[in-house]
Structure formats: C-alpha cells, structure tokens
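Analysis of the macromolecular model
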Amino acid sequence: MVSVFDVMNAVGLVAFAVVGSLKASDARLDLLGVAVLGFLTALGGGITRDVLVGRVPAALGGSGDVAWAGVGVVLAVALAAVTEERDLLDRPALLVPDAVGLAAFAATGALVGVEAGVTAFGVVVLATLTGVGGGTISDVLLDRVPFVLTEDFYATCAIGGGVVFVAASAAGATARTAAVACAGVVFTTRLAALHWGWRLPKL
Amino acid sequence: MVSVFDVMNAVGLVAFAVVGSLKASDARLDLLGVAVLGFLTALGGGITRDVLVGRVPAALGGSGDVAWAGVGVVLAVALAAVTEERDLLDRPALLVPDAVGLAAFAATGALVGVEAGVTAFGVVVLATLTGVGGGTISDVLLDRVPFVLTEDFYATCAIGGGVVFVAASAAGATARTAAVACAGVVFTTRLAALHWGWRLPKL
Amino acid sequence: MVSVFDVMNAVGLVAFAVVGSLKASDARLDLLGVAVLGFLTALGGGITRDVLVGRVPAALGGSGDVAWAGVGVVLAVALAAVTEERDLLDRPALLVPDAVGLAAFAATGALVGVEAGVTAFGVVVLATLTGVGGGTISDVLLDRVPFVLTEDFYATCAIGGGVVFVAASAAGATARTAAVACAGVVFTTRLAALHWGWRLPKL
C-alpha cells in the first residue's frame, strides 16, 4: 500500500534532484556534473543518515529512491534546455515540493534514528542531516558555504521537526504519529519562513 | 570514577566547541550556523572515527560529549556578545584548552583503533582524524582550506602522538599507558610549537 | 600469486599519491599537507567505498595499499624537489599510470559492491566513487570544485566501466571476467578521452 509518506518522499526526491541539477547547470558544470549533483542532492541526506547508523545506504541497496531522483534529473535537464534556470530556483513550483521533501526526509531520518536506538539528540541530528545533507554535500562540491548555514530558515525547520518528534514520542505517541507531527511542523514552518521571510539573528 | 581522561575530554569538547562557534560567528553565520559549527567542531572528529570503524557515533548514542559541546557553544555565544571574537581565537585562554582537547582526542582515537583491530598505520590515522576531524569539517563547510593543512604545527602533534602510542604498545606498554604517553606528547609538542612558532618546511 | 589486478592497483596507488602530493605542493601546502593529500588521494576512494558498505576501510586494516601510497608520496616529494611540478601533472608519464589506477579502482569498487549485495545502480556508484573519491576529497580540502565535476572525461570513464561490469554480469560473466571488462573499458576510454580531448556537453 502506498502511504502518504511514500508520496511525500517521492515528491521530495524529484524536487531535490531538480534543485541540485539546476544549481550544477547554473555553475556551468557539464552534463555528468549536472546528473551527479542531482542524484547527490536527492540521495545524499539519506546516504549520510545510513552511514551514521551503520547501514548499507538505501540508495545503494534498493531502486525506488534512485528512480525518483532520476526523474528529477531528467526533468531538470529538460527545464534547463527550455528556460533560464536562474529564474526557476526561487519559484513556488519548486519551493513547495522542496519543502515537502524536507519534511519527508526529516521524518524518515527521525524514524531511522529511533530504530537504531540513538539518543534524543541523535534523533534530532539524523532528522536534520537527512533533510539537509544532500544540499550541503552539493554546495561543498560546488565550493560554496552550504546554504543551510547562511541563507535561510531551512535547517531550523528540520531541527524543529526533530524536536517535535522527540517530544511526541516522550508524550507516548507511536513512532508513526510522531513522524506525521514532525513532517507537519517542518512543512508548515518552512512555508511560513518563505512567506514571511523569517531569519535567525546573527551574533 | 572520573579519570584524568574524562577531564581532558570534557575540557577539549568545550574548547573545540568554543573555537568552532567563534569561527562561525566570525564568518557572519546566523545563530543556527554558530551552534552547528560549534557542535561539529567538538564532535566531528569522534563521529568520523566511529564511522570509519563501523560504530554508531558516540555522539548519537550517548549524551555526555554532547552536553560538554553544548556548554562550549553557550560559552562562545556569551563571549561573542561581550567582546570582539577576532581577539579571542589566538588567546592562551583558548589555545591551551584546545591543546588539551587535541591530546585527549588523539588518545581516544588511538584506543578505539586498537579495539577495532586496525594496523599501526590505522591507529595513527584514527588518532589524527579524531583530533583534527572536527576542525577540518568546519573549515570545509566555511569554504576554507582546512587550517590543519596550511597554517600550523597542529595535525603533526596528533600524528606524533599516534606514533608514540604505537611505539609504546610495541614496547609492551598497556593500552592505558600508551594513551597517557600519546596525550602527553601531543600536548607538549603543541604547546612547544605555539611557543616557539614551529613550522614544517614547504617543498 | 600476484594477479594483473594487484599490479594495476599498485600502479594506481603510486600514481594517485603522486598526483595528490603534487597538487598539494602546487597549492603551497607544507610537507605534512603534501603527505596527507598524497595518501588521501590514493586511499580516499577505497575508504569511501568501504564506509558505504559498512566495512572497516582496507587502508586501516591492512598495509599493502598504504605502502604503495607511501612510495608515491616519496616519489612526488623527490620529483617536486628537482623540477617544476606544474609541468608534471599533464605529462603522459603521469596520466597513463593515473588511468591505470582509475581502471583498477573502478573494478575493485564494482567487485566490493557485488559482494555487499547492492543494486546495479549501487555497483556503478561504488565503481565510480572508488575511482574518483580520493581526488574529489583532495579537491574539496584544497577548496576547489572537484575536477571530476568540471574539467574532464574522467568520472564518465569509471561510470562506463561500472555499467559494463553490470551488463557483463547480467549476461552471465563471472565477477572476475566482468571486472577485467570494466577495467579495460575504463582504461581505453580514459586514454581515448585524453588523446582526442573528449568533452561532455554543457546544458
């Protein structure tokens, strides 16, 4: 049975792959670089999560996520061929699916953390890393300070989702309910941050 | 019972977190970036070590190290609020605890390597990575060549400590004695390098 | 018995270590940085591969690869002392052994992937990462966009080799035959790309 998580996960994989590929195209990488950055942005967070808890990455042991990421890469190449990619990265048509992905990835990160028996801190870290790991790896490869560290109320949403997951679990919620609460918080805070331009203070 | 290693480890975690947070503040990151860099600088070396030997990172499976790193982050935020951080990073009040941390982390890295059954080369690599991994990850995220590669007689001290650990073990010392010798060598060579401005030659 | 793979692997380790050390020397790193970059360029791909499939890295658990990488570092230091390193990196005397290494590493990456039971996509990823991982890590540490993403028909050769490995296995070839086919394709496409200046299109 296809759950709402499967749908969110697929939407997120496609959106992340499109974002990664367009960033690479924008940076004038060749077709291989565009494909690599697309796949890495979509799959990198989950790979980091699985390496940390000692599992063979799901992206290497199964085919579902890879196929969705591939759809995103193909879509991005098609988009870049017919339009100016600089315009695309800030469009709601990309930002909303990206927020769906961030929410889905944070929830799966928290679930994997609970299964692996990590601490509450570990759950929050895994939720966050699963959400932002792919984009961070891409930015490092493109020789930039990762955007999650500088520009946006982005990682903060994933951290918030992880905290909500831990709180819900502590209050007796099932892992599934906690994951839904986590994803909901990530998605709504991310959209709110985009809409109202939230920023964290600087020291 | 609290051993001298526990004390050194705690001092090092606080010092590394302060250094990482101040570097992030210096680079104009927001509050989240400052916290992330602080935690990563303190915990990143140990996480790298644990991933390499196939363990779930201690930072995700237990709470002690995380708490000390959190103390460092809070301390750095407080310091940055009341003073100019550029002045702080070169002060003895920070450089000496940082050397304590480098020594403690190199020793724990060597011990974990022995437990995992790696080669002598592996022990030296794990001692070094545990000591310098956190700072290296931070510098990569801040889009800099890691300071351990360019500026200082720093990683060299950890390598020296790892070699001493291997030599002491080969000479029949217990792991504990070898770890003490390792930490002693790292700490004293680091302070000596700072005091006399030691540099490695360039080709 | 020493197989042709052992020879190719040793040639590749020496060549990769020379390349990494000369890049570091070129970037004005000190002697430690030169040695670290040399070892990392030679061993980093295999370490990444082993971490992804959950093994203690071969470079930490055995001594053979490390010794060959060490030969490369020493060779590079000697070369840099007697000549201008900028001239060296584009010489056939270095490019051909480097292609041998890329071929050998891609083949071992694919073999490890099959042993670990990953998917066809996973085999291609591991073949590629084993081939290009070391150079990528070095470039990130030197604060550059990895050359595999920007400059050359390089990672593409490893990907092609991985695909050939999967296709040969699917057609009923033994793992050993598939590995030989993989290495052959990587080596010949890499030399052809160098000779004719092949490039991938940009979007």
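Residues numbered from 1 in each chain as written. Chains lettered and ligands numbered in written order. Predicted model: local features only at pLDDT ≥ 70, side-chain atom pairs only at ≥ 80, totals over all residues. Heavy atoms only, no water.

Naming follows an unreviewed UniProt entry, where chain A appears as Glycine transporter domain-containing protein of Halocalculus aciditolerans. One UniProt comment on chain A, placed under Subcellular location (unreviewed entry), says "Cell membrane". (UniProt positions renumbered as here; feature names shortened; annotations may be inferred.)

Glancing now at the overall build of chain A. From N to C terminus, chain A includes 10 helices and zero strands. When its helices and strands are written in sequence order, chain A yields α-α-α-α-α-α-α-α-α-α. Against the 2.2 N^0.38 benchmark of 17 Å for 203 residues, chain A shows a C-alpha radius of gyration of 16 Å, consistent with a compact globule. If one aligns the C-alpha atoms of chain A with their principal axes, the spans along those axes are about 50 × 40 × 30 Å. (Helix = DSSP H or I, 4+ residues; strand = E, 2+ residues; numbered from the N terminus. Rg over C-alpha atoms; globule rule 2.2 N^0.38 Å.)

Our focus in this paragraph is the relation of the copies chain C and chain A. After a rotation of 120 degrees and a shift along the axis of 0.0 Å, chain C superposes on chain A with an RMSD of 0.0 Å. Look at the turn and shift together and you get a three-fold axis relating the two. When the interface residues of chain C are mapped onto chain A, a mere 12% of them again fall at the interface, so the copies present different faces. (Least-squares fit on C-alpha atoms with pLDDT ≥ 70 in both. Contact = heavy atoms within 4.5 Å.)

A separate point is the interface of chain C and chain A. Contacts between chain C and chain A engage 26 residues on the former and 29 residues on the latter. Taken over both partners, the interface formed by chain C and chain A buries close to 2,200 Å², and the fraction arising from carbon and sulfur atoms is 71%. Counting across the interface, chain C meets chain A through zero salt bridges. Connecting chain C to chain A are one residue pair in polar contact (both at pLDDT 80 or more). Where the side of chain C that touches chain A is concerned, the elements lending two or more residues are α2 (31-52), α7 (120-141), α8 (147-150) and α9 (155-170) of chain C. Ranked by the residues each element gives to the side of chain C that touches chain A, the list is headed by α7(C), at six residues. Residue composition of the side of chain C that touches chain A, by class: 17 nonpolar, five polar and four charged. (Buried area = accessible area lost by both parts, 1.4 Å probe. Salt bridge = Lys/Arg side-chain N within 4 Å of Asp/Glu carboxyl O. Polar contact = N/O pair within 3.5 Å; in protein donor to acceptor, adjacent residues only side chain to side chain. Nonpolar A, V, L, I, M, F, W, Y, C, P; charged D, E, K, R; others polar.)

Residue and element names in this part refer to chain A. Following the criterion strictly, the structure yields 15 aromatic pairs over all chains and no others. With a centroid separation of 5.4 Å and 75 degrees between ring planes, the pair formed by phenylalanine 153 and tryptophan 198 is classed as edge-to-face. Of this pair, phenylalanine 153 sits in the loop between α8 (147-150) and α9 (155-170) while tryptophan 198 sits in the segment after α10 (175-196), placing them 45 residues apart in sequence. By relative accessible area, phenylalanine 153 is classed as buried at 15%. (Phe/Tyr/Trp six-rings, centres within 6.5 Å; stacked < 30°, edge-to-face > 60°. Buried < 20%, exposed > 50% of the residue type's maximum accessible area, 1.4 Å probe, protein only.)

Much of the literature gives interface size as the accessible area that the parts lose upon coming together. Across the boundary between the two partners, chain A contributes 26 residues, which contact 29 residues of chain B. Where chain A touches chain B, the interface holds zero salt bridges. Contributions of two or more residues to the side of chain A that touches chain B are made by α2 (31-52), α7 (120-141), α8 and α9 of chain A. When residues of the side of chain A that touches chain B are assigned to their parent elements, the largest contribution, six residues, is made by α7(A). Partitioning the side of chain A that touches chain B into residue classes produces 17 nonpolar, five polar and four charged.

Taking the numbering used here, the UniProt-annotated feature "domain: Glycine transporter" (unreviewed entry) corresponds to residues 7-79 and 96-168 of chain A. Secondary structure content for residues 7-79 of chain A is 85% helix and 0% strand, while the C-alpha to C-alpha distance between its ends is 22 Å.

All right, on to the nonpolar core then. Formed by 157 residues in total, the largest nonpolar core has its most connected members in Leu102(A), Leu43(B), Leu102(B) and Leu102(C). Apart from the residues within four sequence positions on either side, Leu102(C) is in contact with Phe16(C), Gly131(C), Val132(C), Tyr154(C), Cys157(C), Ala158(C), Val186(C) and Arg190(C). (Core = buried A, V, L, I, M, F, W, Y, C linked by side-chain atoms within 4.5 Å.)

With that settled, consider the environment of Gly72(A). Residues and elements named next belong to chain A. Looking at the element boundaries, glycine 72 is found in helix α4 (residues 64-82). Along the backbone, glycine 72 and leucine 13 are 59 residues apart, and their C-alpha atoms lie at a distance of 7.2 Å. Every residue in contact with glycine 72, bar those within four places of it in the chain, is listed here: Val14, Ala17 and Val18.

Helices that pack against each other are described as a pair by the angle of their axes relative to one another and the distance between those axes. All names here are of chain A. Two elements in contact, α7 and α9, have axes whose closest approach is 8 Å; the angle formed by their N-to-C orientations is 145 degrees. As α7 packs across α9, the resulting crossing turns out to be right-handed. Counting all contacts with α7, which are made through Ala120, Val123, Val124, Ala127, Thr128 and Val132, the residues of α9 involved are Ala155, Ala158, Ile159, Gly162, Val163, Phe165 and Val166. For the contact of α7 with α9, a count of residues per class yields 11 nonpolar, two polar and no charged. (Axes fitted to C-alpha atoms, helices over the stretch in contact; angles between N-to-C directions. Left-handed = near helix turned anticlockwise from the far one by under 90°.)

Here the focus is the relation of the copies chain A and chain B. Once turned by 120 degrees and shifted 0.0 Å along the axis, chain A lies on chain B with an RMSD of 0.0 Å. Each copy contacts the other with its own distinct surface, as only 12% of the interface residues of chain A are interface residues in chain B too.

To continue, consider the UniProt feature "transmembrane region" (unreviewed entry) in chain A. All names here are of chain A. Under the feature "transmembrane region" (unreviewed entry), the UniProt entry names residues 29-47, 67-83, 95-114, 120-141 and 153-172. In the segment residues 67-83, helix accounts for 94% and strand for 0%; the C-alpha atoms at its two ends are 24 Å apart. For residues 120-141, the helix share is 100%, the strand share is 0%, and the end-to-end C-alpha distance is 30 Å.

Think of an α-helix as 3.6 residues a turn; residues three or four steps apart then line up on the same face. Helix length check: helix α6 (residues 92-115) of chain C, at 24 residues, gives a terminal C-alpha distance of 35 Å against a target of 34 Å (1.5 Å per residue), a fit within 8%. Two residues or fewer past α6(C), Gly117(C) is found with a positive phi of approximately 75 degrees. (Expected span 1.5 Å × (residues − 1).)

Right, let's get into unusual backbone geometry. For Asp143(B), which is not glycine, the phi torsion reads 65 degrees and is therefore positive. In the Ramachandran plot, Arg28(C) falls in the positive-phi region, its phi being about 65 degrees despite a non-glycine side chain. For Arg28(C), the position within the fold is in the loop between α1 (4-26) and α2.

Further remarks concern the pattern of salt bridges. Under the criterion given, the structure shown has 12 salt bridges over all chains. Among the ionic pairs, Asp139(C) bridges to Lys23(C), the shortest N-O distance being 2.8 Å. Within this pair, whereas Asp139(C) is found in helix α7, its partner Lys23(C) is found in helix α1, the two being separated by 116 residues in sequence. The burial state of Asp139(C) is the same as that of Lys23(C); both residues are buried. When salt bridges with common partners are traced through the structure, they connect Arg49(A), Asp50(A), Arg55(A) and Glu115(A) into a single cluster.

Right, let's talk about the state of the cysteines for a bit. Residue and element names in this part refer to chain B. In total, this model carries zero disulfides over all chains according to the counting rule given. The thiol sulfur of cysteine 157 is not disulfide-bonded, and the nearest other cysteine sulfur, from cysteine 182, lies at 11 Å. Judged by its relative accessible area of 1%, cysteine 157 is buried. (Disulfide = S-S within 2.5 Å.)

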